[in-house]
Structure formats: structure tokens, C-alpha cells
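Chain and residue survey
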Amino acid sequence: MTLFLIQKMGFDAYGVDRMSPRVKRYLGMQAYVILIQFLVDWFLWTALFGIALDGSAVRFLFGFAMAFIILVLEVTINVQDTTEGIRRVAGLFAARILLMCVMSGFTSTVFDLLFFHDSIDQQITKEEKYDADGIRQTAIDAIEADYAARLSDKKAELGGRPDEVKATSAANRVTLVATQKANRADITKRLSGVMSDAAREAAGLGLTGRPGAGLTTGTLTAQATAIRKELKDYDAAAKVELSEFDAAAATQQGDAVSGGQAAGDAVVAERDERIAAIRALSQTELAAAYPGDWVRSRGVMDQYRTLKKLIASDPVNAMVATSLWILGMLIPSVVLILKFMAPIEVQNNFSKKYQAANGDPESAGDLRILGYGGNIGMLGWSADAIARHNAVVAKRIELREKLVEFNRWFMHACAPDSMSKVSVSRATLTRMSATRWDSSVSPCIRELSDIEASTRGAGVELHAWADDWEVEDPRVNTDRLWAASDEDIEREYGWVSPGTPRLVRSGP
């Protein structure tokens, strides 16, 4: 499975056989992370298109397309050669960061919509209820206004009746009281007449003319007693009659008041019944019965706007949303880190120069076509290795120049004197040459040996001394010029031994 992913993602650009086990493991891990990101992106984009397309099955295709595009971009960036210079690496890094931020903005939004789904639905439902309650309240306000007018008319119609009943009752009571007073006055008048007659009879001024309590006087006294009883009974009856009248009047007045109140209560009861019926309507029934639209859309943008309200209204929601955004950045960040923090061995797996330096003929041919004419074997070297190699080459060139200079000096030292026609003695030549060598050539040899030892210690392969140079490596060819035989020095450098006989030209 690991090799399958490596090959399908193009990580084997120069062949699986050229990969070390470490490179295979690292690229396999990288491939699995990219695969996980693809699956997550597919899920998130499918969810987003599901919201936008109201659950249509085509959401899977659109989600796959978006996730596949991101996968292609990821793979394209991950197979790039990051060993070609900091500018290219920086460009790739910046491009991936920009892509990651843009895509994370979308994916984190989907994270938020899924995570806050219940809260978003509750908020939209709450807003729908608020709008529906507004429609309901408008209908209730209209009913209350209608019944307020009707109640006002009813009160205006029945409002004067208690006063009319009260005035009539008061007038009738006055009449009744006056009648009772007149009747009592008649009885009182009769009583006074009888008592007056009885007094005259007792005084002897009556019809009999005899003073004292006679028969007539007794009869008059009995009549007075009867009239007093009649007066007393009349007062009691009048009091009862007046009380009954007041009770009846109070009843009539109460009936008048309660009649008006009952009429108002009937209007209020009818109003309350209609209002209760409106309150009992469901939101759907309410929308059908009364004008107004309370239904809210639940599309992507509507849910997103509601999400923004929830985030802005609660710091906890804002913290969760930020955490989800960071989570959306997590997997792309891991992919980015794996690419740009990969070991040099893994980076070299995508380097054409490195592959060419390690013997891949196709890569070497491509470089030749591109115009590269340098030493392909050095392309895979690190900057430190190249610097060490260049230091060795520079010191070798310096040693070569010193050897050439020493050879010129030695030839000049071997030349015979223009006057004596002979060269310095062999002992002098040897001493002069050794001194010159130790002061000029030997320090450079030691420095070169030290640099080469350090370079080998760093694991850098050293090339052999150039065969086309006019001088050999003095550490390999240890034969020194001044140690050659007299014949070789005479033949090669023109040295003339002072002991050699010379013909002396005779004078004229």
C-alpha cells in the first residue's frame, strides 16, 4: 500500500529502486498524510455542497472534484525540487501558505457549520418564532382594537340606565313618603278630635253636660285607644313598605348596573375567546390564516450569517470557531512541515542534479540537454563539500605554481657563469635547492596535506592529482631535482660541473 501511494503520487520520479529504506518510509508517511487530507477535504466539501444543494446526491461528485484539485496541488508542490536555491523554496513555501490559508478558510467554515449545526438551527427557529409571534401579535392587536370600539359603544349604550333607575326610584320614594305622611296625618287628626271630645265630656262641656267619666267619656276614650293602635300599626306598616320600596329600588338599580356590566363582560369574553383561538394556532396555521411570511431560509449563506451572529454574541463560540480554524490548518501544516523540513536524503530524491550525480543516465542526459557542462559528479555535493573541494583545488593550484616556479629557479641556478663558464658546485646547488624548497614549497605541501586530511574526514571524495599538469604531486614523486645524478642535471638543466676540464683559448 505504501509503495502504491508513493508511485501514484509521483514520488518515485527517478524510480523506487533508487530510494533508500529511509526515503521510502518518509515518503510513505507523507503520502498517508496527504491521503488523510484528501479524505477530510472530500468530507468537508461534500458537506458544504450538501447544504448548498439541499442534500442532492451530486454533492459527492462536487466534493470529490474540489478535494481532488487540492490533492493535485499538494502532490505538485511535494514533488518539487527544493535543492535548487532559497528563492524557489521560498516561492513554493509562500504559495503553499497562501493556498493553505484560502482553503482553510473554506474548510474551517464547514467545520463551524457542522459543529454549530444545532445552535444555528435553534437560532433560526427562534427568529422564525419571533417573526411568527409578530404576525400573531398584529392579529391580536387588530382584534383588541375592534372589540375596544365595540365595548365603548356598548358602554355608551347602557351607561345611563343606572342613573335613570336611581332618579325614578328617588322620585317614587318621595311620593311614597308624602303619601304615608298624609295618611298618618289623617289618623293623627282623628285621634286629636276624639281626645278633644273626651276632654270636653269629662269637663262637662259635652253633649251630656255632666262632668266626670261618663258613658260617653269612656266610649271616646276607647275610640282614642283604638286610633292610637291604628296609628302605631300604620307606622309599622309604613316603615315596612318604605323598607321594601328601598330594597326594590336598590335591586332595580343593581340590575341596571349589572345589566350594563354583563353586556360589557360578554363583549370581553368574546374578544378573549378569539384571542385564545389565535394563540392556539400553530405557526403554519397562523401563516395560512393571516398575511405575513415568517419562514426563514436555511441555505449556506443564511446559516453562515447566523453562525457569524452566534460567534459575535458569545466569546466561547468565538474561541471554539478559532480552534476549529486552527484544526483546519493542522493537516495542511503537517504536509507543509513534512515537505520543507524533510531530511536532505529525502530532498535529494526529487533533485535531478543529485540523481545525475549518483549515476542516473537519464538525469545526466537531461542536464546535458539543458546546457550543463560541469562535473556532474559534484552536483550531489553539499555546499560545505563543494567549498572543501574548492579549497583543495585552490591549494593544489598554488602548490603547482610553486613547483613550476621552483623548477625555473633550479634551471637558473644550474646555468653556468658567463665568465667562468662553469656552474656552482654540486654541494652548493644541493644546499641552495634544499633551502629554497623548504622555504617556498614545503609549507604549501603541509598546508595541502592538512586541507586534504580535513576534507577526507568530512567524507568528501578527493579527485586525483591532475595528469595533464606539467608537474607531479611532490608527495607521490619524492625524487627531488637536486638529488638527480650529475648526468641528468647536466642533460636536463645545463649544469656544468666546476671539475670538468675546459679548453683555454691561447692569447694572440
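That block above? That's the structure.
The structure displayed is predicted, hence computed values, not measured ones.

About the cut-offs
- Starting afresh in each chain, residues are numbered from 1 along the sequence in its written order.
- Predicted model: local features are reported for residues with pLDDT of at least 70 only, side-chain atom pairs are reported and counted for 80 or more only, and whole-chain, interface and lining totals are derived from all residues.
- The basis for every side-chain value is the complete set of heavy atoms in the structure, and neither hydrogens nor water enter the calculation.
- A run of H or I in DSSP becomes a helix once it reaches four residues, and a run of E becomes a strand once it reaches two; helices and strands are each numbered from the N terminus.
- Summary of the burial criterion: residues with accessible area below 20% of their type's maximum are buried, those above 50% are exposed, and those between are partly exposed, where the area comes from a 1.4 Å probe applied to protein chains only.
- Contact definition: two residues touch when any of their heavy atoms are within 4.5 Å.
- Only the protein chains shown count as cover for residues, with accessible areas throughout obtained via the Shrake-Rupley method and a probe of 1.4 Å.
- The span expected for a helix works out to 1.5 Å for each residue beyond the first.
- Residues enter a nonpolar core if they are buried and are Ala, Val, Leu, Ile, Met, Phe, Trp, Tyr or Cys, with the set joined through side-chain atoms within 4.5 Å.
- Site definitions follow a grid-based scheme: protein atoms alone, a 1 Å grid, a 1.4 Å probe that fits but cannot get out for cavities, and for pockets an open set with protein on both sides within 12 Å along at least five of seven lines, plus lining residues having an atom within 4 Å of a point.
- Grid points are joined across faces, edges and corners, and a volume is the space filled by probe spheres set on the points.
- Nonpolar residues are Ala, Val, Leu, Ile, Met, Phe, Trp, Tyr, Cys and Pro. Charged residues are Asp, Glu, Lys and Arg, and all others, Gly as well, are polar.
- Centres within 6.5 Å make a pair out of two Phe, Tyr or Trp rings, where for Trp the six-membered ring is used; the pair is then stacked when the planes are under 30 degrees apart, edge-to-face when over 60, and tilted otherwise.
- Orientation is described by axes fitted as lines to C-alpha atoms, over the contacting stretch for helices, and by angles from 0 to 180 degrees between their N-to-C directions.
- Comment on the angle field: the value is read as roughly parallel under 35 degrees, roughly antiparallel over 145, roughly perpendicular from 65 to 115, and oblique elsewhere.
- Less than a right angle of anticlockwise turn of the near helix away from the far helix marks a crossing as left-handed, whereas a clockwise turn marks it as right-handed.
- Any Lys or Arg side-chain nitrogen located within 4 Å of an Asp or Glu carboxyl oxygen qualifies as a salt bridge.
- The patches described consist of residues with a relative accessible area above 30% and no salt bridge, like charges being joined within 9 Å and nonpolar side chains (Val, Leu, Ile, Met, Phe, Trp, Tyr) within 5 Å.

**Observations regarding the overall build of the protein chain**
Of the regular secondary structure elements, the protein chain holds 17 helices and zero strands. Out of the 508 residues in the protein chain, the part that is buried amounts to 31%. For the protein chain, contacts bridging at least 24 residues in sequence account for 75% of all contacts bridging at least 6. Carbon and sulfur atoms provide 60% of the accessible area of the protein chain, an area that totals close to 30,300 Å².

**Observations concerning helix α15 (residues 426-440)**
In a regular helix each residue adds 1.5 Å, so 15 residues correspond to 21 Å; α15 covers 21 Å between its end C-alpha atoms and thus fits that length. Buried residues along α15 sit against α14 (383-414), α16 (442-457) and α17 (486-493).

**Section: the side chain of Arg396**
Here Arg396 shows up in helix α14. A residue is classified by how much of its surface remains accessible, and Arg396, at 10% relative accessible area, is buried. With residues near it in sequence (within four places) discarded, Arg396 still touches Leu448, Glu452, Leu462, His463, Ala464, Trp465 and Trp469.

**Section: the nonpolar core**
Across soluble globular proteins, nonpolar side chains show a tendency to be buried alongside one another. Judged by nonpolar contacts, the single largest core of 22 residues is most densely connected at Leu399, Phe410, Leu429, Trp437 and Val441. With nine residues, α14 is the largest single contributor of residues to this core. Judged by nonpolar contacts, the second largest core, of 20 residues, contains Ile6, Val23, Ala342 and Phe350.

**Digging into empty space enclosed by the protein**
Per the stated rule, a full pass over the model turns up one cavity of 30 Å³ or more. In this model, the largest cavity occupies a volume close to 40 Å³. As for the largest cavity, its lining consists of Gln30, Thr82, Leu338, Lys339, Ala342, Val346, Gln347 and Phe350. Put simply, the parts of the chain that give the lining of the largest cavity at least two residues each are α10 (315-340) and α11 (344-348). Considered class by class, the residues forming the lining of the largest cavity number four nonpolar, three polar and one charged.

**Thoughts on unusual backbone geometry**
A positive phi angle, near 65°, is found at Lys421, a position not held by glycine. In this structure, Lys421 sits in the loop between α14 and α15.

**Section: the packing of aromatic side chains**
Aromatic ring pairs are reported here in terms of the distance separating the ring centres and the angle at which the planes meet. In the structure shown here, the tally under the stated rule is 13 aromatic pairs. An aromatic cluster is built from Phe406, Trp409, Phe410, Trp437, Trp482 and Tyr493, whose rings are joined through pairwise contacts.

**Structural notes on the environment of Asp486**
By secondary structure assignment, the location of Asp486 is in helix α17. Asp486 gets classed as partly exposed once you look at its relative accessible area, which sits at 33%. Counting along the chain gives 11 residues from Asp486 to Ser497, while the straight-line C-alpha distance between them is 8.1 Å. Apart from residues lying up to four places away in sequence, Asp486 is in contact with Arg426 and Trp495.

**Section: the layout of surface pockets**
Empty space within the largest pocket amounts to approximately 390 Å³. Lining the largest pocket we find 18 residues, and of these Asn407, Asn477, Asp479, Arg480 and Leu481 sit closest to its centre. Contributing elements (two or more residues each) for the lining of the largest pocket: α14 and α17. In terms of residue class, the lining of the largest pocket is made up of nine nonpolar, two polar and seven charged.

**Things to note about the packing of helix α2 (residues 21-52) against helix α3 (residues 59-78)**
One way to put it is that α2 packs onto α3 with a least axis distance of 7 Å and a crossing angle of 150°. Looking at the two axes, α2 sits roughly antiparallel to α3. As α2 runs across α3, the sense of the crossing is right-handed. Facing α2, whose interface residues are Gln30, Ile34, Gln37, Phe38, Asp41, Trp42, Trp45, Thr46, Phe49 and Gly50, α3 presents Arg59, Phe60, Phe62, Gly63, Phe64, Met66, Ala67, Phe68, Ile70, Leu71, Glu74 and Asn78.

**Re the packing of α14 against α17**
Remark: α14 packs on α17, axes separated minimally by 10 Å, with the N-to-C direction vectors making an angle of 105°. Taken together, the axes of α14 and α17 lie roughly perpendicular to each other. Contacts between α14 and α17 pair Phe410, Met411 and Cys414 from the former with Ile489, Glu492 and Tyr493 from the latter. Its residues assigned to classes, the contact of α14 with α17 shows five nonpolar, no polar and one charged.

**Regarding the pattern of salt bridges**
Scanning the entire structure with this criterion turns up 17 salt bridges. Its salt-bridge partner being Arg184, residue Asp235 comes within 2.5 Å of it at the nearest N-O pair. You can see Asp235 sitting in helix α7 (residues 215-279) and its partner Arg184 sitting in helix α6 (residues 161-203), a full 51 residues away along the chain. Asp235 gets classed as partly exposed once you look at its relative accessible area, which sits at 28%. Residue classification places Arg184 among the partly exposed residues on the basis of a relative accessible area of 36%. Between Arg271 and Asp272 there is a salt bridge, with its nearest N and O atoms 3.0 Å apart.

**Digging into a nonpolar patch on the surface**
A grouping of Leu39, Trp42, Phe60, Phe64, Phe68 and Val72 is seen on the molecular surface, where their side chains present a nonpolar patch of about 520 Å² in accessible area. Those elements giving two or more residues to the nonpolar patch turn out to be α2 and α3. It is α3 that provides the largest number of residues to the nonpolar patch, a total of four residues. Mapped onto the secondary structure, Phe64 falls in helix α3.

What is shown is where atoms sit, not what they do.
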